Amino acid sequence: MGRVQLGFSPIIPAIASLLLASLWGLSVFAGWGLEAFCAGGESAASCARRLGSVSAVSGLFAVLAACCTAGAWLVPQARQDSRVFTWFMGAGVAAWIAAGGVLFVGGLLAV
């Protein structure tokens, strides 16, 4: 098995992906999004429905991010070539940021 030589530790983008995934998961599944965007005067049921549809769109980016992050660690070519590993991890982090951004912007629009 080849070893990836990067100018930085590969654990840094892995931890970033893990933290962004945790933030997204807590916002969608643990009610953080409902608490943040549906605590106003609007009906909780209608706000929760709209936030649920935003979460579904955001989930598409989250699936892409999870696949890119897992691919960086599981695809043999990514483990052997630092450029491929960096591309996978960069795409994964960018997709996590997009998933969080869609959730945030959609939550603001749902209010």
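First things first, this report covers the structure right here in the doc.

Conventions we followed
Residues numbered from 1 in each chain as written. Predicted model: local features only at pLDDT ≥ 70, side-chain atom pairs only at ≥ 80, totals over all residues. Heavy atoms only, no water. Disulfide = S-S within 2.5 Å. Buried < 20%, exposed > 50% of the residue type's maximum accessible area, 1.4 Å probe, protein only. Helix = DSSP H or I, 4+ residues; strand = E, 2+ residues; numbered from the N terminus.

Moving on, we get to the state of the cysteines. All told, the structure shown has 1 disulfide when counted by the stated rule. The disulfide partner of Cys38 is Cys47, and the S-S distance across this bridge is 2.0 Å. Between Cys38 and Cys47 the sulfur-sulfur dihedral comes to about -80 degrees; the bridge is accordingly left-handed. Of the two residues examined, Cys38 and Cys47, each falls in the buried class. Here Cys67 stays unpaired: no disulfide links it, and the sulfur of Cys68, its closest cysteine neighbor, is 7.1 Å away. Judged by its relative accessible area of 51%, Cys67 is exposed. Residue class for Cys68 comes out buried when judged on its relative accessible area of 10%.

Before going further, it helps to spend a moment on the environment of Phe104. Along the polypeptide, Phe104 turns up in helix α5 (residues 82–110). The partly exposed category is assigned to Phe104, whose relative accessible area is 47%. Distance in space between the C-alpha atoms of Phe104 and Gly33 is 8.3 Å, their sequence separation being 71 residues.

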